[in-house]
Every structure is written in C-alpha cells, then in structure tokens.
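Coordinates in review
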Amino acid sequence: MPSATPRIPSGFTSASDTTRLITPMPSSANAGKRGFPTPFRNWLRGSEQARFRRLLLSPDAGIARYFDGDAIRQLLDEHASGRRDHWRRVFALANLELW
C-alpha cells in the first residue's frame, strides 16, 4: 500500500540529513558579479540634467580643452530627448571633468 506521506525530493535535502530542507540556489546566484545600479540614466533626462549641462558645457570646464563643446551638447540633447542612450559617454565625461 502506498504511503500518503509526501516525500521531500532528493535535490532539496542534504545527503547526510534527509529531514532538513535545503533551499535551492536561485538561478541568479550563478549570474556573476553585477555593479551597483545608479539612476544616472534618469538623472540625465530629469532632475539633474541642468547640473550636468553646467558641469560639462562651462567655458571653464577642464574637458573644454580636449573635447568639442558642440559635440558634448549634442550628446546631452540626444540623451535628454530619448533619441539615443549616451549615458555611458556622459558619465565618462563627467568623471573626467570631476577628476
């Protein structure tokens, strides 16, 4: 006669103790290292847009010696309008300027 008691699948118990459950690892545990997410992409389209424009387009900006201001303005405009996603380029320019 079959037992009415449910059995714990072998993948959820340890080899030495079949009475304790082992929680299986989620598939994301093997996904590798991820960086800390920042809202930078949204900042460039919203509340902090003006701050980044001042930082990168100021005539006194250190990067003004090395980068074309019109090209930076175009990057910022395209990103802000949603036509292109330039957040990585703008982030790199901002870091270079602040460094």
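A short tour of the structure in this document, coming up. (Residues numbered from 1 in each chain as written. Predicted model: local features only at pLDDT ≥ 70, side-chain atom pairs only at ≥ 80, totals over all residues. Heavy atoms only, no water.)

**As for the packing of helix 2 (residues 49-57) against helix 3 (residues 69-81)**
Interaxial distance between helix 2 and helix 3 falls to 10 Å at its minimum, and their mutual angle equals 165°. On the basis of their axis angle, the class for helix 2 and helix 3 is roughly antiparallel. The hand of the helix 2/helix 3 crossing is right-handed. Facing helix 2, whose interface residues are Gln49, Arg53, Leu56 and Leu57, helix 3 presents Gly69, Ile72, Arg73, Leu76, Asp77 and Ala80. For the contact of helix 2 with helix 3, the per-class residue count stands at five nonpolar, two polar and three charged. (Axes fitted to C-alpha atoms, helices over the stretch in contact; angles between N-to-C directions. Helix = DSSP H or I, 4+ residues; strand = E, 2+ residues; numbered from the N terminus. Parallel < 35°, antiparallel > 145°, perpendicular 65-115°, else oblique. Left-handed = near helix turned anticlockwise from the far one by under 90°. Contact = heavy atoms within 4.5 Å. Nonpolar A, V, L, I, M, F, W, Y, C, P; charged D, E, K, R; others polar.)

**Topic: the nonpolar core**
Within the largest apolar cluster, 13 residues are counted, with the highest numbers of intra-cluster contacts made by Phe40, Leu44, Leu56, Ile63, Ile72, Val90 and Leu93. Taken together, the elements giving at least two residues each to this core come down to helix 2, helix 3 and helix 4 (87-98). Counting residues per element, this core draws most heavily on helix 4, which supplies four residues. Not counting the four nearest positions on each side in its chain, Val90 is found in contact with Phe40, Leu44, Leu56 and Leu76. (Core = buried A, V, L, I, M, F, W, Y, C linked by side-chain atoms within 4.5 Å. Buried < 20%, exposed > 50% of the residue type's maximum accessible area, 1.4 Å probe, protein only.)

As far as function goes, none of this settles anything; it's purely spatial.
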